[in-house]
Amino acid sequence: MDIRRLRNIGIIAHVDAGKTTLTERILYFAGASHKLGEVHHGTTTTDFDPEERKRGITIYSAATSVYWQEHRITIIDTPGHIDFNVEVNRALRVLDGAVVVFDGVAGVEPQSETNWRLADQYGVPRLCYVNKLDRAGADFYRVVNMIEERLATKALVLQLPIGSEEAFVGIVDLVNMRAVYWDTDPKGVQYRSAEIPAQMQANAQHYRELLLDKVLDQDDVALSAYLRGVIPEPQVITQCIRQVTLNRKFVPVLCGSAYKNKAVQPLLDAVVAYLPSPMEVSAVKCVVAAGEAAVTRHNDVAEPFAALAFKVVNDKFGALTFLRAYSGHILAGTSVVNTVTGRKERISRIYEMQADKRLEREAISAGDIVAVVGLKYTVTGDTLSDPDAPVVLERMVFPEPVIDVALEPKTKSDEDKLLQSLHQLVKEDPSLAIKVNQETGQTILSGMGELHLEVKINRLLNDFGVTANVGAPQVAYRETISRPCELTYRVKKQGGGPGTFAVVTMRFEPLPRGVGIEFINNVVGGEIPKEYIPGVEKGIRAAARSGVIAGYPCVDFRATLLGGDYHEVDSSTFAFELAAQGAYRQGMQQSHPILLEPVMRVVVNTPSDYLGDCIGDLNRRRGKIIGQDGYETWISVQAHVPLAEMFGYIGNLRSLSSGRANFTMQFEHYDKVPANIVENIKK
């Protein structure tokens, strides 16, 4: 297919805003599905995993394709729960556009903000779809204001709702200045166009003028004519809207009710009209494999092949690797090079995915999002490239896990199976991490939240057939330093045979939260041969895996190698690695180490009757209230609360509010643990 007729989009939103229901309607109206699946019935196409159907939420991003107006639209339906944000992250990394869904009652919710920032980070043009306008309390205009205020963007209203709540029957199309109704066909396939209702004429004219004022500067001829009183044709307006959408100057806002099958077709029209094809996306920056010169790859079949592996799935059929092709064209059976590992890989089969169904294809071309079989050494973030023109595409960065759970095999024979299965899980999900506690011998699985770990452990026990004892979730604390220090550390072991000798002078300094570990080599004059310097950095980073307070990883510090000494015979890289580890242990003690804990951004939505009880409970949990928003009889309370205080919170919140309040939580930052609590953690 002509690359100009491709659209690669994601459906993103806060949990329960209606993403999966909207995707289901898109599949139905585009003819890719012959029945309307429902989340509450467990019959949707994209939520096909048993855990998703049991819980009624999206856990894994699923890709599917539809055809609309002679365009192929590849859609990735993403999770809305913060614990599974890795799926949104890697989807936005490879997509060209996105539809951001908002609940018409709740408006802009916490995960909407997180996903919006990710889309900004990746430069993804967006459309907004205000959903659920049939619900009691829905307010389109309030949500538009929230989009502008909370997301710091400029909304471009293209549609207005006709009626509200149960009386919502259609939309006003401001581009064509016509009313569109879905009041005759319950399934929403048939709809009719009519004159704008008399009571909405003034409001529609007001928003139409706002629309034209914002977009017509993209066309000098049309603007000049408009200033003379000539109304531009819809085709001209559409092209101007497309330009301001692609350059992210404005974000078009549409509306509807996916569950009631209203206003989904105009959204598909808008995806084709306003979101970019792969050719309209900026060239992808990359470096040649040797890292010597900067190059780019354009979304063009004429350029050498380059693709990014953005997801790996292991099922009963083996490993399935999802690719986004950025340039070139290759056939099934072709060998490519993984430029991250240097290994050659053979793409044996290529599939266009329809959720859990596979349609075999003969080739991959620039702009395609497909899944392939046959890759043995490729993981998320790796680049597959033409061996004659190797490049490395920018890798994805994922947040640090904040919660741990201990796993122990029930029998000795289960030990290897447990580790192999865990490595498979981490290969699929880069937001997971595994380590072995050297003191207890326990295997520690780290994740983004309680639900995240619960889902992955269920997969471990049920899908992989591992038998293991599972401990209670624990907070993933960190350690750091609060003052700089400088010291010299010597390793000297010399006898009759080969000895070990190394001297390092180090300076340790605290860094801002979230920076990580920095190593700087300031050695001059050959005090330490340059071949030994990597050993110093390796020693520091290895030692930092265990802090000096309670054995948690040490983060956010700079280690500067100032100088040292060596022996012609007895020095080695290993000797300097040992010296660096000793310097780290001494330096941490002298730099006033502190313990850090993950602090979460918690948003509690509660009826106003229970507001005082909810705030009091958050205060008792060492929470800091940072804001409140109210609409009608409901209040949204925003707070920063230590993760350690949030275990089992949902049960307590339901008790406080007679089961009516709910909350969301996501990682915000690491902060110092109060001194009186540190002692309890060390025990």
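Residues numbered from 1 in each chain as written. Predicted model: local features only at pLDDT ≥ 70, side-chain atom pairs only at ≥ 80, totals over all residues. Heavy atoms only, no water.

Asks: Hey, could you run me through the state of the cysteines in this one?
Replies: Linking two cysteines covalently through their sulfur atoms gives a disulfide. Here the structure, examined in full by the defined rule, presents zero disulfides. With no disulfide partner, Cys-255 has as its closest neighbouring cysteine sulfur the one in Cys-128, 12 Å distant. (Disulfide = S-S within 2.5 Å.)

Asks: I would appreciate a short explanation of the sheet that holds strand S34 (residues 557-565) in the present structure.
Replies: Strands in a sheet are paired, the pairing made by backbone hydrogen bonds, and the direction either parallel or antiparallel. Pairing within the open sheet is mixed, and its four strands lie in the order S31-S32-S34-S33. Because the sheet does not close on itself, it has two edges, and the strands there are strand S31 (485-493) and strand S33 (517-521). When the angles between neighbouring strand axes are averaged without regard to direction, this sheet yields 25°. Alignment of S33 against S34, held across five bridges, turns out to be parallel. The partner of Ile-520 across the bridge, within S34, is Thr-560. Its contacts with the sheet place helix H12 (residues 533-543) against strand S32 (500-510), S33 and S34, and it is angled at close to 160° to S33. Packed onto the sheet, helix H13 (residues 573-590) meets S31, S32 and S34 and runs at close to 35° relative to S32. (Pairing = 2+ DSSP bridges. Helix = DSSP H or I, 4+ residues; strand = E, 2+ residues; numbered from the N terminus. Axes fitted to C-alpha atoms, helices over the stretch in contact; angles between N-to-C directions. Contact = heavy atoms within 4.5 Å.)

Asks: Mind showing me how you'd approach the packing of aromatic side chains here?
Replies: Two measures describe an aromatic ring pair: the distance that separates the ring centres and the angle between the ring planes. On inspection of all chains with the given rule, the structure shows 11 aromatic pairs. Aromatic side chains Phe-557 and Tyr-584 sit 6.2 Å apart centroid to centroid with 40° between the ring planes, which places their arrangement in the tilted category. A residue pair is termed long-range when its members are at least 10 positions apart, and Phe-557 in strand S34 and Tyr-584 in helix H13 qualify at 27 residues. Aromatic rings pair up to connect Phe-140, Tyr-141 and Tyr-207 into one cluster. (Phe/Tyr/Trp six-rings, centres within 6.5 Å; stacked < 30°, edge-to-face > 60°.)

Asks: Help me understand the packing of helix H10 (residues 414-428) against helix H11 (residues 450-462), please; the structure alone is not making it clear to me.
Replies: Relative orientation of the contacting elements H10 and H11 amounts to 135°, with a least axis distance of 11 Å. As the angle between them shows, H10 and H11 are arranged oblique. With respect to the hand of their crossing, H10 and H11 are arranged in right-handed fashion. On the side of H10, the interface is formed by Leu-418, Ser-421, Leu-422, Leu-425 and Glu-428, while H11 contributes Lys-456, Arg-459 and Leu-460. (Parallel < 35°, antiparallel > 145°, perpendicular 65-115°, else oblique. Left-handed = near helix turned anticlockwise from the far one by under 90°.)

Asks: Looking at this structure, I do not really get the pattern of salt bridges. What am I missing?
Replies: Where charged atoms from two side chains of opposite charge come close, those side chains can pair. Under the defined criterion, the tally for this structure stands at 31 salt bridges. With a closest N to O distance of 2.4 Å, Glu-280 and Arg-242 form a salt bridge. Of the two residues, Glu-280 is situated in the loop between helix H9 (265-274) and strand S12 (284-288) and Arg-242 in helix H8 (residues 234-246); the sequence distance between them amounts to 38 residues. Two residues, Arg-558 and Glu-509, come together in a salt bridge whose shortest N-O distance is 3.7 Å. With Arg-558 in strand S34 and Glu-509 in strand S32, the pair connects residues that are 49 residues apart, well separated along the chain. Each member of the salt-bridge network shares a partner with another, and the members are Glu-486, Arg-507, Glu-509, Glu-518 and Arg-558. (Salt bridge = Lys/Arg side-chain N within 4 Å of Asp/Glu carboxyl O.)

Asks: Explain helix H14 (residues 611-620) here, please?
Replies: Residues three or four positions apart in an α-helix share a direction because the helix packs 3.6 residues into each turn. Within H14, burial applies to Leu-611, Cys-614, Ile-615, Gly-616, Asp-617 and Leu-618. Just beyond H14, the residue with positive phi is Arg-622, at close to 65°. (Buried < 20%, exposed > 50% of the residue type's maximum accessible area, 1.4 Å probe, protein only.)

Asks: Please explain the sheet that holds strand S6 (residues 155-157) as it appears in this structure.
Replies: Spatially, seven strands are ordered S2-S3-S1-S4-S5-S11-S6 in an open sheet, and the strand pairing comes out mixed. Two strands in the sheet have a free side with no partner beyond their single neighbour: strand S2 (62-68) and S6. Taken pair by pair, the neighbouring strands of this sheet meet at an average axis angle of 30°, ignoring direction. Of the strand pairs in this sheet, strand S4 (residues 97-103) and strand S5 (residues 126-131) are connected by six bridges, and their pairing is parallel. The partner of Val-100 across the bridge, within S5, is Cys-128. Packing of helix H1 (residues 19-29) onto the sheet brings it into contact with strand S1 (6-13), S2, strand S3 (71-77), S4 and S5, and relative to S1 it is tilted by some 150°.

Asks: Looking at this model, I keep getting lost on helix H6 (residues 201-215). Mind explaining?
Replies: Taking 1.5 Å of rise per residue, the 15 residues of H6 would be expected to cover 21 Å, and the 21 Å separating its terminal C-alpha atoms lies within 8% of that figure. Ala-204, Tyr-207, Arg-208, Leu-211, Leu-212 and Val-215 are the residues of H6 that are buried. Across the axial projection of H6, the buried residues extend over an arc of 140°, all falling on one side. Exposed and facing more than 90 degrees away from the buried side of H6 are Ala-202 and Asp-213. Those residues of H6 that are buried are in contact with helix H5 (140-151), S6, strand S7 (159-162), strand S8 (170-173), helix H7 (220-227) and H8. (Expected span 1.5 Å × (residues − 1). Arc of directions from axis to C-beta.)

Asks: What should I look at first to understand the environment of Leu-407 in this one?
Replies: Along the chain, Leu-407 falls in strand S25 (residues 403-409). By relative accessible area, which is 0% here, Leu-407 ends up buried. For the pair Leu-407 and Glu-149, spaced 258 residues apart in the sequence, the C-alpha separation amounts to 45 Å. Look past the residues within four positions of Leu-407 in its chain and what remains in contact with it is Leu-418, Leu-422, Gln-442, Thr-443, Leu-445, Ile-457, Leu-460, Asn-469 and Val-470.

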